[in-house]
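A closer look at the structure
Here is how the chains run, residue by residue.
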Amino acid sequence: VKIDKRLQKELLALQSDPPPGMTLNERSVQNTITEWLIDMEGAPGTLYEGEKFQLLFKFSSRYPFDSPQVMFTGENIPVHPHVYSNGHICLSILTEDWSPALSVQSVCLSIISMLSSCKEKRRPPDNSFYVKTCNKNPKKTKWWYHDDTC
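Residues numbered from 1 in each chain as written. Predicted model: local features only at pLDDT ≥ 70, side-chain atom pairs only at ≥ 80, totals over all residues. Heavy atoms only, no water.

1. Comments concerning the overall build of the chain
When its secondary structure is counted, the chain shows three helices and four strands. Seen in sequence order, the chain has helices and strands lined up from the N terminus as α-β-β-β-β-α-α. With respect to the three principal axes, the spread of C-alpha positions in the chain is 40 × 35 × 25 Å. Counting the 150 residues in the chain, one finds 43% classified as buried. Across the chain, the fraction of contacts at a sequence separation of at least 24, relative to all contacts at a separation of at least 6, is 60%. Put simply, the chain shows about 8,500 Å² of open surface, and 53% of that area lies on carbon and sulfur atoms. Between the averaged position of the 17 positive side-chain charges in the chain and that of its 17 negative side-chain charges there is a distance of 6 Å. (Helix = DSSP H or I, 4+ residues; strand = E, 2+ residues; numbered from the N terminus. Buried < 20%, exposed > 50% of the residue type's maximum accessible area, 1.4 Å probe, protein only. Contact = heavy atoms within 4.5 Å. Areas by Shrake-Rupley, 256 points an atom, 1.4 Å probe, with all protein chains shown as cover. Lys, Arg positive; Asp, Glu negative; His and termini not counted. Charge placed at Lys NZ, Arg CZ, Asp CG, Glu CD.)

See below:
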């Protein structure tokens, strides 16, 4: 019950005050509150301007104490040094730097910021190996954070 209350509150916040370029895909929450699709547009003035992406958020029964599973999904996965071609995102707040004080909105803002600060579109150096060998759930990956830059 507690998870539903928290998710309900975050859902309302996302609908009434979404981060720039983000829109909740309303159809995705009609049948379940534990899986959300968020449509995203690349920010103006960035390498991703005009591009459309989709983020998938999956919440466990331990949310907000456990971070959501977040990944890009759909036809267009951004080409970015911290985004693998299977949609997995290497971002510390999605794993060890997660805090229950964070929210869907703060995760969305971090992802917008990560994409917006990118200087060169390229895949992570270990993309092919990772995509072949990783778990379907990005939270099961032991990430090595190489840098704070793009």
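2. Concerning the sheet that holds strand β2 (residues 35-41)
Read across the sheet, four strands follow the order β1-β2-β3-β4 without closing on themselves; strand pairing throughout is antiparallel. Of all strands in the sheet, those bounded by a partner on one side alone are β1 (22-24) and β4 (69-73). Averaged over all adjacent pairs, the angle separating strand axes in this sheet is 25°, with direction ignored. Inspection of the sheet shows β2 paired to strand β3 (residues 52-58) by seven bridges, in the antiparallel sense. (Pairing = 2+ DSSP bridges. Axes fitted to C-alpha atoms, helices over the stretch in contact; angles between N-to-C directions.)

3. What to know about the packing of aromatic side chains
For any pair of aromatic rings, geometry is given as the distance between the ring centres together with the angle between the planes. Considering all chains together, one arrives at seven aromatic pairs under this definition. Both rings, one in Phe 53 and one in Phe 72, keep their centres 5.9 Å apart while their planes meet at 70°; by these two values the pair is edge-to-face. Within this pair, whereas Phe 53 is found in strand β3, its partner Phe 72 is found in strand β4, the two being separated by 19 residues in sequence. By the ring-pair criterion, three or more aromatic residues cluster together here, those being Trp 36, Phe 57, Phe 59, Tyr 63 and Trp 98. (Phe/Tyr/Trp six-rings, centres within 6.5 Å; stacked < 30°, edge-to-face > 60°.)

4. What about the pattern of salt bridges?
Under the defined criterion, the tally for this structure stands at five salt bridges. A salt bridge links Arg 6 to Glu 10; its shortest N-O distance comes to 2.5 Å. Here Arg 6 and its partner Glu 10 are both found in helix α1 (residues 2-16), four residues apart, which amounts to about one turn of the helix. Look at Glu 10 and you get buried, because its relative accessible area is 8%. For Lys 52, the salt bridge identified is with Glu 41, shortest N-O distance 3.1 Å. Residue Lys 52 is found in strand β3, and its partner Glu 41 is found in strand β2; the two are separated by 11 residues along the sequence. Residue class for Lys 52 comes out exposed when judged on its relative accessible area of 53%. (Salt bridge = Lys/Arg side-chain N within 4 Å of Asp/Glu carboxyl O.)

5. A short note on the nonpolar core
Grouped together as the largest cluster of nonpolar side chains are 34 residues, with contacts concentrated most on Trp 36, Leu 55, Phe 57 and Phe 72. Among the secondary structure elements, those contributing two or more residues to this core are α1, β1, β2, β3, β4 and α2 (104-116). The biggest single contributor to this core is α2, with seven residues. Setting aside chain neighbours within four positions, we find Leu 55 in contact with Met 22, Trp 36, Leu 37, Ile 38, Met 40, Val 70, Met 71, Phe 72, Thr 73, Ile 89 and Ile 111. (Core = buried A, V, L, I, M, F, W, Y, C linked by side-chain atoms within 4.5 Å.)

6. Thoughts on the pairing of β4
Counting buried positions along β4 yields four of five residues, so the element is predominantly enclosed. In the sheet, β3 pairs with β4 via five bridges, with the strands oriented antiparallel. Residue pairing across strands places Phe 57 opposite Val 70, the latter belonging to β4.

7. Structural notes on the environment of Ile 89
For Ile 89, the location among the structural elements is in the loop between β4 and α2. Between the alpha carbons of Ile 89 and Phe 72 there is a distance of 7.5 Å; along the sequence they are 17 residues apart.

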